[in-house]
Amino acid sequence: MVDLSRRGILTGSWRSANSGIRPPWSREESHFLSHCTRCDACVQACENDVLQRGAGGYPSVNFKQNECSFCYACAQACPESLFLPRHTRAWDLIFTLGQGCLAYQSVECRRCQDSCEPQAITFRPTLSGIYQPQLDNLACNGCGACAASCPVSAITAEYNHAH
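Figured I'd write up the structure that's included with this text. (Residues numbered from 1 in each chain as written. Predicted model: local features only at pLDDT ≥ 70, side-chain atom pairs only at ≥ 80, totals over all residues. Heavy atoms only, no water.)

Looking at the nonpolar core
Working step 1: Membership of the largest hydrophobic core comes to 41 residues, with the highest contact counts inside it found for Phe63, Phe83, Trp91, Phe95 and Ile155.
Working step 2: Listing elements by their share of this core, those giving two or more residues are α2 (29-35), α3 (41-45), α4 (73-77), β3 (93-97), β4 (121-124) and α6 (145-149).
Working step 3: Not counting residues within four places of it along the chain, the set of residues in contact with Phe83 comprises Pro23, Pro24, Trp25, Ser26, Arg27, Phe32, Cys42, Cys74, Ala75 and Cys78. (Core = buried A, V, L, I, M, F, W, Y, C linked by side-chain atoms within 4.5 Å. Buried < 20%, exposed > 50% of the residue type's maximum accessible area, 1.4 Å probe, protein only. Helix = DSSP H or I, 4+ residues; strand = E, 2+ residues; numbered from the N terminus. Contact = heavy atoms within 4.5 Å.)

Structure follows, in structure tokens:
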């Protein structure tokens, strides 16, 4: 879906298909964009509804409502075979806690930690008495459960461009 809102037009996002996080196991961005027919098969196959039509109609991940269960249904549904084998790493994402995090506002909240199955988020004590989140991106599997559970949407994801 093309963003033709006033903000979308002013920011130029209406012409960019290169935004968002692609489905897990999707091949490199340029290959994916040049071969994806935008048929929505992967979006419809997603059991947790984390895939949606993003910029330019390409599938994009939205962790706001749910996490990825790594079911591989999106990859199996793709008629273009744009996905890597399941035994490879689903994706390499970095999650970031923004300043809107309740713990940074001196409010006790640990929903991200509670939802993190690989225990990549821990809370450390501080002098103020409010525990602060620490994210271990090496332990993170990229499921997005932390982002989905955050009551103030303070957790964002992006590709790890360091590799």
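So, next bit.
What to know about the packing of aromatic side chains
Working step 1: A full pass over the atoms with the stated rule returns six aromatic pairs.
Working step 2: For the ring pair Phe32 and Phe83, a centre distance of 6.2 Å and an interplane angle of 85° mean the geometry is edge-to-face. Of this pair, Phe32 sits in helix α2 while Phe83 sits in the loop between α4 and β3; the two residues are 51 residues apart in sequence, bridging distant segments of the chain. Each member of the pair, Phe32 as well as Phe83, is classed as buried.
Working step 3: Pairwise contacts between aromatic rings join Trp25, Phe63, Phe70, Tyr72, Trp91 and Phe95 into one cluster. (Phe/Tyr/Trp six-rings, centres within 6.5 Å; stacked < 30°, edge-to-face > 60°.)

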